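So you can see what is in the structure, the chains are spelled out below.
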Amino acid sequence: MARPGPVLITTACGALLGALVLTALPASAAPGRAHEPGPVREGGGRDTSAAPPRTLSTRSLPQADTPLRRDGGYPRRTTLTVPPADPADRSIKLGLAPYHSLAPRLNALQKLGDRVSVEVAGRSAGGHELYLVTVTAPESAREAREQERMRERIENAPAAAAKDTRIKAAYKTPVFINNNIHGNEWEGTDAALELIEELATATDRKTAGLLARTRVYLNVTANPDGRIAGTRANGNGFDLNRDFITASQPEARAIRRIAIDKQPAVMLDLHGYVNGTLIEPTTPPHGENYEYDLFLKNSYANALGMEKAVNGLGYTPGNDGVRPAVIPFRDEKEGWDDWPPIFTPQYMPFQGAVAAHTIEFPMTVNNEEYDTLPEAELRRRAAINVDIAGAAMRATLEHTDTHRASVLADQIETFRRGAAGEAQRPVSEETVPGVPGIGPEDVYTTAFPRAYVIPAGRGQRSAVAAGRLVDHLLANDVRVGQTADGSYVVDMRQPKRGMANVILAEGRDISADVSTMYDISGWSLGLLWGATVRKVEHGPVPRVVRTVHAAAPTGSVAPFGDLLLRLDDPKELAAVNALLAQGVKVRRTAEGSAVVPSSARGAARTLADRYGVVFRATKERGTAPLERTRVAASVSAGELFALREMGFEVVPVSTEILNAGFDWSAARVLFVSRGLEYGELTPAAREALRASGVGVVGAGSAGAAFNAAAGLLPATAVAGNGDANGVVTVRNAGGAITGGAPGHTFVYSPLWFTALGAGVRTEQSYAAADPLVSGHWRPDADGRGGPADAAGRASVISGTAAHGAPVVLFGTEPLFRDHPKGVFAQVGRALLVR
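Below, the structure is looked at part by part. All residue numbers refer to position in the chain's written sequence, counted from 1. Local features are withheld for residues below a pLDDT of 70 in this predicted model, meaning they are given only at 70 or higher, and side-chain atom pairs are given and counted only at 80 or more; totals for whole chains, interfaces and linings count all residues. Hydrogen atoms and water are omitted, and side-chain values are computed over all heavy atoms in the structure.

**Observations concerning the overall build of the protein chain**
Step number 1: Strands are runs of DSSP state E lasting at least two residues, helices are runs of H or I lasting at least four, and both sets are numbered from the N terminus onward. Within the protein chain, the secondary structure is distributed over 26 helices and 34 strands.
Step number 2: For the radius of gyration, the atom set is restricted to C-alpha positions; the globular benchmark scales as 2.2 Å times the number of residues to the power 0.38. Here the C-alpha radius of gyration of the protein chain, 27 Å, is about what a compact globule of 834 residues would show, namely 28 Å.
Step number 3: C-alpha extents for the protein chain along the principal axes are approximately 80 × 65 × 55 Å.
Step number 4: A simple rule labels every residue: compare its accessible area, found with a 1.4 Å probe on the protein chains alone, to the largest value its type can have, and call it buried under 20%, exposed over 50%, or partly exposed in between. Residues counted as buried form 62% of the 834 residues belonging to the protein chain.
Step number 5: Per element, the accessible surface of the protein chain, about 29600 Å² overall, is 52% carbon and sulfur.
Step number 6: In this tally, Lys and Arg are treated as positive and Asp and Glu as negative; His is ignored, and so are the chain termini. One atom stands in for each charge, and that atom is NZ of Lys, CZ of Arg, CG of Asp or CD of Glu. One finds the centroid of the 89 positive side-chain charges in the protein chain at a distance of 7 Å from the centroid of its 90 negative side-chain charges. To be clear on the numbers: accessible area is Shrake-Rupley with a 1.4 Å probe, and residue cover counts the displayed protein chains and nothing else.

Structure representation (structure tokens):
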């Protein structure tokens, strides 16, 4: 399972928190940055991977049905299928709602009146339904259509929308509350259920007015797999709150769809556990593609309201173990940033949110505390967290309703600036009045290019990669056009230019800006997804002749002769693995492509259609046969996902599994990137591995350590700064592993190799000058381990072990979180080499 990215450690000793008298913090900090150290991070960076439930009301729910709208208006009732009861659901011990109780609860809540609608927004990796609740005043079909017209006008004609009196008077402000994206941070779900019931049944004029002016959308649990299992990750082992630039997981794609369709102006993401309650906005660095002046203005003002509401509940350090709330922008210097777009609240501004917040409630109930604390203490803590989550939700609704006009105006202005191609406004105490402590450390802006071009034909290094990138842009609601020659154009004068730029731009080296980052600092899809992307800094923009709704089909098969399939892309690896699984006799060329016999043309046509890959005519015969590769893998969840995406048959292994007597007869390669230590293998397991003759592919420090302990390749692995990460420039030697590879890759805790012995080949090396393009990579405290030390050094090496097995070692992270798809093929080729 993937080791989570760095998260905050919330208490020094959670088990004793209830008994400790904690030092009180001031209710509000003085203007300006505090000089306290940044948050301590849990993990390391590289991914490693039966009492009744608490009731939400003391009264029974009325069961009388209200009429169901079938005309597109609201409410839109869905009768949810009730899953079987699961007594092992980890929520139960905490007195919280187990997943199987949510459907009946939501079915009942829809019957309370005419304010609550429930839809199934998708399914989790484990097959569980994702419940999206809408709470609003009833709308006829005509009124619902008008709301949609106004929503589209705000995005697509923002200059006109800013003057539209009907929008000012009648548009309902969309507020989105996302809960339980980390499965073992449960309590947002229960607070959401309480809020839904409260809004559904309240008879006061204030609530009626709120719902007449607001649509409240609640993703009840974003991660039901993790909620049930008590894990941070979903059923595929992914941390979903790291997936929003890649969207590899169905839960992240469902949230993305909600963001685009509902266009929330304000959103909350409920997490745990940080004591006192942590309420964003964040410390620097701030995402350079935001309209940050508008975002900071609204986020800070809403944070103050949530802080007041949370502190107003009356919990104290002495009585309850609860410290006052913390707003990082105001109270901390660095370490909790909004730089990468991988987190839910950091993604939402690109879809129109002008206030977006991570909320970390205070009382730890997961991990060690879950296993060691008395049930009564766990339930006490969980109840406090539900209370605090609810206070944050209610304060946000009140703030949004009170400031409805300015919130909507700022959302419109965000889109208007993008459409007009206007420069960003740097934040200052003049441009963002009312926010204290703004300094030069908060100023992050970018100069948007005039356009991006993704060329077609010979100008494109990979047609399948270009198509994938275009479809990803479209899935994120970026507008794409096409020229007469088939090239794609992303005109940056569009409402969601920030989304386009955060996907396509190279990014920025922020190593000098801060000493520590919360998670990754570089992610460019323009450099890492395998497509050629060209930047048009200034006009003219290539003439667009059509609007693109999906990338053009890219698959084709030459009509005669043997076929050449390049292996530069994960879809090409999937295609060749499918051919091998069918028993097709495929050979590889010296530079790593696949030669497919003409007799397999029918199978090739099917795969060209399925994967969009190109089979060209060839007269090459190939240098060696390719064989179906079964991979024994000790890897992260993201790496496992990527290997299977490329069509490899993968059997997860570990030290324990090998020591128990693993059958190597069907495996051809061992892939090690974490969780397997050669020194902990028994003599019998070591001998079985050696005698098997399987190849070894290693990645990162674990792969290098395995190589050294097993005495496979003579090489010295040198570790860079363990927190370093980002996009780097590399030089490829070509050949079977890096032939056709792009000139960039991704690193986290980078390694390089020195003292290469006889027969060890450098397949790839870091650029001779500073290799870091974007990200955060500083030397260690002793001055070593920085990018200058890595420059020119080998980043990928290969050779043959003394017992004849091929070995490839990566000092990079080519499969990181299923993200850098353009470099997946390097690993795929290494696994096929014999």
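**Quick notes on the nonpolar core**
Step number 1: Core analysis: the biggest nonpolar cluster contains 136 residues, and Leu-106, Val-133, Val-135, Leu-218, Leu-296, Val-490 and Ile-503 have the highest contact counts within it.
Step number 2: Contact definition: two residues touch when any of their heavy atoms are within 4.5 Å. When near neighbours in sequence (up to four residues on either side) are disregarded, Val-490 contacts Ala-451, Tyr-452, Leu-473, Val-478, Arg-479, Val-480, Ala-500 and Leu-504.
Step number 3: Core analysis: the second largest hydrophobic core is formed by 48 residues, Ala-603, Val-635, Phe-671 and Ala-830 among them. Remark: nonpolar core denotes a set of buried residues (Ala, Val, Leu, Ile, Met, Phe, Trp, Tyr, Cys) joined through side-chain atoms within 4.5 Å.

**As for the sheet that holds strand E13 (residues 481–482)**
Step number 1: In this scheme, strands are said to pair when DSSP sees at least two bridges between them. Strand order in the open sheet formed by five strands is E15-E12-E14-E13-E16, with antiparallel pairing between adjacent strands. At either end of the open sheet lies a strand with only one pairing partner, and these are strand E15 (534–536) and strand E16 (546–547).
Step number 2: Inspection of the sheet shows strand E12 (residues 451–454) paired to strand E14 (residues 488–491) by four bridges, in the antiparallel sense. Bridge assignment links Val-453 to a residue of E14, and that residue is Val-489.
Step number 3: Helix axes are fitted only over the stretch in contact, all axes being lines through C-alpha atoms; the angle between N-to-C directions runs from 0 to 180 degrees. Across the sheet, helix H16 (residues 463–475) touches E12 and E14, and the angle it forms with E12 is around 140°.

**Observations regarding the pattern of salt bridges**
Note that side chains of opposite charge can pair when their charged atoms are close.
Step number 1: The working definition used for a salt bridge is a side-chain nitrogen of Lys or Arg within 4 Å of a carboxyl oxygen of Asp or Glu. Tallying each qualifying case throughout the model produces 51 salt bridges.
Step number 2: With a closest N to O distance of 2.9 Å, Asp-164 and Arg-153 form a salt bridge. Here Asp-164, found in the loop between helix H3 (158–161) and helix H4 (165–170), pairs with Arg-153, found in helix H2 (residues 141–156); they are 11 residues apart in sequence, far enough to count as distant.
Step number 3: Among the residues examined, Arg-153 registers a relative accessible area of 30% and is labelled partly exposed.
Step number 4: Of the charged contacts, one joins Arg-621 and Asp-562 as a salt bridge, the two residues approaching to 3.0 Å between their closest N and O atoms. With Arg-621 in the loop between strand E21 (614–618) and strand E22 (624–625) and Asp-562 in strand E18 (residues 562–565), the pair connects residues that are 59 residues apart, well separated along the chain.
Step number 5: What makes Arg-621 exposed here is its relative accessible area of 60%.
Step number 6: Judged by relative accessible area, which is 18%, Asp-562 ranks as buried.
Step number 7: Taken together, the salt bridges that share partners define one network made up of Glu-291, Asp-293, Glu-413, Arg-416, Arg-417, Glu-422, Arg-425 and Arg-497.

**Details of the packing of helix H19 (residues 570–581) against helix H20 (residues 601–611)**
Step number 1: Two numbers describe how H19 lies on H20: the axes approach to 10 Å, and their chain directions differ by 150°. Classified by the interaxial angle, the pair formed by H19 and H20 is roughly antiparallel. Relative to H20, H19 is oriented so that their crossing is right-handed. Judged by residue contacts, Lys-571, Ala-574, Ala-575, Ala-578 and Leu-579 of H19 engage Ala-603, Leu-607 and Tyr-611 from H20. For classification, angles of less than 35 degrees are called roughly parallel, those exceeding 145 degrees roughly antiparallel, those between 65 and 115 degrees roughly perpendicular, and all remaining angles oblique. Put simply, a crossing is left-handed when the front helix is turned counterclockwise from the back one by less than a right angle, and right-handed when it is turned clockwise.

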